[in-house]
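An overview of the molecular structure
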Amino acid sequence: MADKLFIFDTTLRDGEQVPGCQLNTIEKIQVARALETLGVDVIEAGFPVSSPGDFNSVVEISKAVTWPTICALTRAVEKDIEVAADSLKYAKRGRIHTGIGTSYYHIKHKFNSTEEEILERAIAAVKYAKKFVEDVEFYCEDAGRTDNVYLARVVEAVIKAGATVVNIPDTTGYCLPSEYGEKIKFLMENVKGVHNAVLSTHCHNDLGMATANTIAGVLNGARQVEVTINGIGERAGNTALEEVVMILKSHQEMGIESNINTQKIFPTSRMISSLMNMPVQPNKAIVGRNAFAHSSGIHQDGVLKNRESYEIIDPKDVGIDDNAIVLTARSGRAALKHRLSILGVELSQEKLDMVYEEFLKLADRKKDINDDDVLMLAGKDRLDTQRIKLEYLQVTSGIGIKSVASICLNIAGEKFEAAASGNGPVDAAIKAVKQIVHRQMVIEEFLIQAINKGSDDMGKVHMQVQHEGLNYYGFSANTDIIAASIEAYIDAINKFVK
């Protein structure tokens, strides 16, 4: 009989900490429901003490989902733990995730403390959390760089204090897979009472080894993995859920399985990419646009003769179905509603009618509509509440002539017009916007991503704008890439112009 691996998803906590990826409560509930359908065991819903918004999100997610355990993160601080417990009051199954740094770097430089004091704080935090919930997870922050003998002391002490799960994070992504695997093995062999709790992995991808380290941990006894959809997360990201799950499915000789419904992986990936405005790189394993693409003639011939010649995963196993309903200008509301439902989006009839009207306009400009287009349309209502809106944009551009842009902005109901020339149509339009807004702004990052390869395709634009020393993130999607660029710029401005 196969061992059960618990999937702990931290997309809504660690993943959402990425600059520009913040979600509102309604969007977080949408993600949480998609994760429940996907089959994750634990949803880390937020860090409640950090903000009223995070607290409210944990409360509402606890109400919205049924089967997964809802987890709230804290520091080893009584106030954090109290607030987390309060946020979990509606959870059918609640877990408090508390912890403290255990490496030399954290003990000496972060806390200016000693190993014995940190050990005492760890024990106290677990005991205090147990007063509120039965399920308590303890994290040994920077365990990847923690001495194994001291780490074993901490793990043994917190299990004795009542921890049901102990998280062994490679917080900086420093470990080699052999090192991380040996660390888990050492704990399994040297911690008294280790089988009274579950050891968990939480690996970061700073050196590109998050998934390899996670699998090494699992092979040596860890039975919970902390992951995110698409591997999103701070810095270089976290271990990708889809990679770990499909490794287990592809290597059944490991004798370990999860509850994940793998056919929900691709639509969940696309939904979260759209909501968080975080593009998936084309060559991303499992969910990238090119993950199942074959351009080499030899590869194409091999796949046509036998798929397994060059594919170890059937695309249908992760939810990519070439026979899915194709949406066009002739599709009705029912087809659109069905596609949204598959992608985890449920709309009221009024909202569906609005999205359908926009869908028809887009379908007239495109040959066919893909999932990213549909998700973009479903989320466009977020722009309705913005203070500054693009009323119209006209550009003149070409080889050998100066680019000129005329623009009209609607600012809180009042219209303002301006025109400017520049080094290309986007530069000209941005200069025209600046004439109206009168703010000092610097574009730090400007990313254009086409969803497919067609010339009529929807283009995504991500923009990072610096204003008064702070960074603001804008996003838009449009079949007109110049319009999308200006809409993304205005989206960023709306974050600091009140």
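Everything in this summary refers to the structure shown in the same document. If you're wondering where the values come from, they're calculated on a predicted model, not measured in any experiment.

Here is what the cut-offs are and how they apply
Sequence positions are assigned chain by chain, starting from 1 and proceeding in written order. Only residues with pLDDT of at least 70 get local features here, since the model is predicted, and only at 80 or more are side-chain atom pairs given and counted; chain-wide, interface and lining totals rely on the full set of residues. Hydrogens are left out, water is left out, and the side-chain values use all remaining heavy atoms of the structure. Only residues whose relative accessible area exceeds 30% and that form no salt bridge are eligible for patches; like-charged ones are grouped when within 9 Å, while nonpolar side chains (Val, Leu, Ile, Met, Phe, Trp, Tyr) are grouped when within 5 Å. To measure how exposed things are, a 1.4 Å probe is used in the Shrake-Rupley method; for residues, cover is taken only from the protein chains shown. The rule for a salt bridge is simple: a side-chain nitrogen of Lys or Arg has to be within 4 Å of a carboxyl oxygen of Asp or Glu. Helix numbering and strand numbering both begin at the N terminus, where a helix is a DSSP run of H or I of at least 4 residues and a strand a DSSP run of E of at least 2. Accessibility here uses a 1.4 Å probe with only protein chains present; expressed as a share of the type maximum, an area under 20% marks a residue as buried, one over 50% as exposed, and anything in between as partly exposed. Site definitions follow a grid-based scheme: protein atoms alone, a 1 Å grid, a 1.4 Å probe that fits but cannot get out for cavities, and for pockets an open set with protein on both sides within 12 Å along at least five of seven lines, plus lining residues having an atom within 4 Å of a point. Grid points are joined across faces, edges and corners, and a volume is the space filled by probe spheres set on the points. Three residue categories are used. Nonpolar comprises Ala, Val, Leu, Ile, Met, Phe, Trp, Tyr, Cys and Pro, charged comprises Asp, Glu, Lys and Arg, and polar comprises the others, including Gly. By definition, disulfides here are pairs of cysteine sulfur atoms that lie within 2.5 Å. Axis definition: a line fitted to C-alpha atoms, limited for helices to the stretch in contact. Angles are taken between N-to-C directions and run from 0 to 180 degrees. With respect to orientation, any angle under 35 degrees is reported as roughly parallel, any angle over 145 as roughly antiparallel, any angle of 65 to 115 as roughly perpendicular, and every other angle as oblique. Each helix crossing is assigned a hand: it is left-handed if the near helix lies turned anticlockwise from the far helix by less than a right angle, otherwise right-handed if that turn is clockwise. The contact criterion used is simple: two residues touch if any of their non-hydrogen atoms lie within 4.5 Å. Two strands qualify as a pair provided DSSP detects at least 2 bridges between them.

To continue, consider a nonpolar patch on the surface. A contiguous nonpolar patch, built from I443, F446, I448 and I481 and spanning about 310 Å² of accessible area, is present on the exposed surface. Among the elements that line the nonpolar patch, the one with the most residues is strand β14 (residues 442-450), at three residues. Looking at the secondary structure, you find I481 in helix α16 (residues 481-494). For I481, a relative accessible area of 33% translates into the label partly exposed.

This part takes up empty space enclosed by the protein. With the rule as written, the count across this model stands at two cavities of 30 Å³ or more. By volume, the largest cavity amounts to about 40 Å³. Lining the largest cavity are K337, L340, V345, E346, L347 and L352. Taken together, the residues of the lining of the largest cavity sort by class into four nonpolar, no polar and two charged. Estimated volume of the second largest cavity: approximately 30 Å³. In terms of lining, the second largest cavity is formed by L38, I229, N230, L241, E242, K264, I265, T268, S269 and V287. Elements that contribute at least two residues to the lining of the second largest cavity include exactly α9 (241-250) and α10 (265-275). Here the element with the most residues in the lining of the second largest cavity is α10; it accounts for three residues. Of the residues contributing to the lining of the second largest cavity, the split by class is five nonpolar, three polar and two charged.

Scanning the entire structure with this criterion turns up zero disulfides. With no disulfide of its own, C71 lies closest to C140 among cysteine sulfurs, the gap being 15 Å. Taking the relative accessible area as the measure of exposure, C71 reaches 0% and is therefore buried. Its sulfur unpaired, C203 is 7.6 Å from the next cysteine sulfur, which belongs to C175.

Moving on to the packing of helix α7 (residues 177-190) against helix α8 (residues 210-219). To describe two helices that pack against each other, one gives the angle between their axes and the distance between the axes. At a minimum axis separation of 8 Å, α7 and α8 run at an interaxial angle of 30°. With respect to their mutual orientation, α7 and α8 come out roughly parallel. The element α7 and its partner α8 pack so that their crossing is right-handed. Across the interface between the two elements, P177, Y180, G181 and I184 of α7 pack against A212, N213, A216 and G217 of α8. Taken together, the residues that form the contact of α7 with α8 break down as five nonpolar, three polar and no charged.

Let us now look at the pattern of salt bridges. The tally for this structure, following the rule as stated, stands at 24 salt bridges. A salt bridge links E116 to R153, with the nearest nitrogen and oxygen atoms 3.0 Å apart. Of this pair, E116 sits in helix α5 (residues 115-130) while R153 sits in helix α6 (residues 148-161), and the two are 37 residues apart along the sequence. E116 sits in the partly exposed class, given a relative accessible area of 40%. In this structure, E357 and R333 form a salt bridge, with 3.7 Å as the shortest nitrogen-oxygen distance. Placement of the pair is E357 in helix α13 (residues 349-365) and R333 in helix α12 (residues 333-342), with a sequence separation of 24 residues.

Moving on to the sheet that holds strand β8 (residues 198-203). Spatial ordering of the closed barrel is given by β2-β3-β4-β5-β6-β7-β8-β9, a layout of eight strands whose pairing is parallel. The mean angle between the axes of side-by-side strands here comes to 25°, regardless of whether they run parallel or antiparallel. Of the pairings in the sheet, the one linking strand β2 (residues 6-9) to strand β9 (residues 224-227) comprises four bridges and is parallel in character. The residue bridging I7 from the neighbouring strand is V225, located in β9.

Let's shift gears to the pairing of strand β11 (residues 388-396). Sheet topology places β11 next to strand β12 (residues 403-411); eight bridges connect them, and they run antiparallel. Counted as the bridge partner of Y392 is C408 from β12.

We now examine the sheet that holds β12. Strands in a sheet are paired, the pairing made by backbone hydrogen bonds, and the direction either parallel or antiparallel. The strand order across the open sheet formed by three strands is β11-β12-β13, and the pairing between neighbours is antiparallel. Edge positions in the sheet fall to β11 and β13 (414-422), since each has one partner strand and no second. Averaged over all adjacent pairs, the angle separating strand axes in this sheet is 15°, with direction ignored. Pairing of β12 with β13 involves nine bridges; the strand directions are antiparallel. From the neighbouring strand, N410 faces β13, where its bridge partner is K415.

Such coordinate-based values are descriptive only and should not be taken to indicate function.
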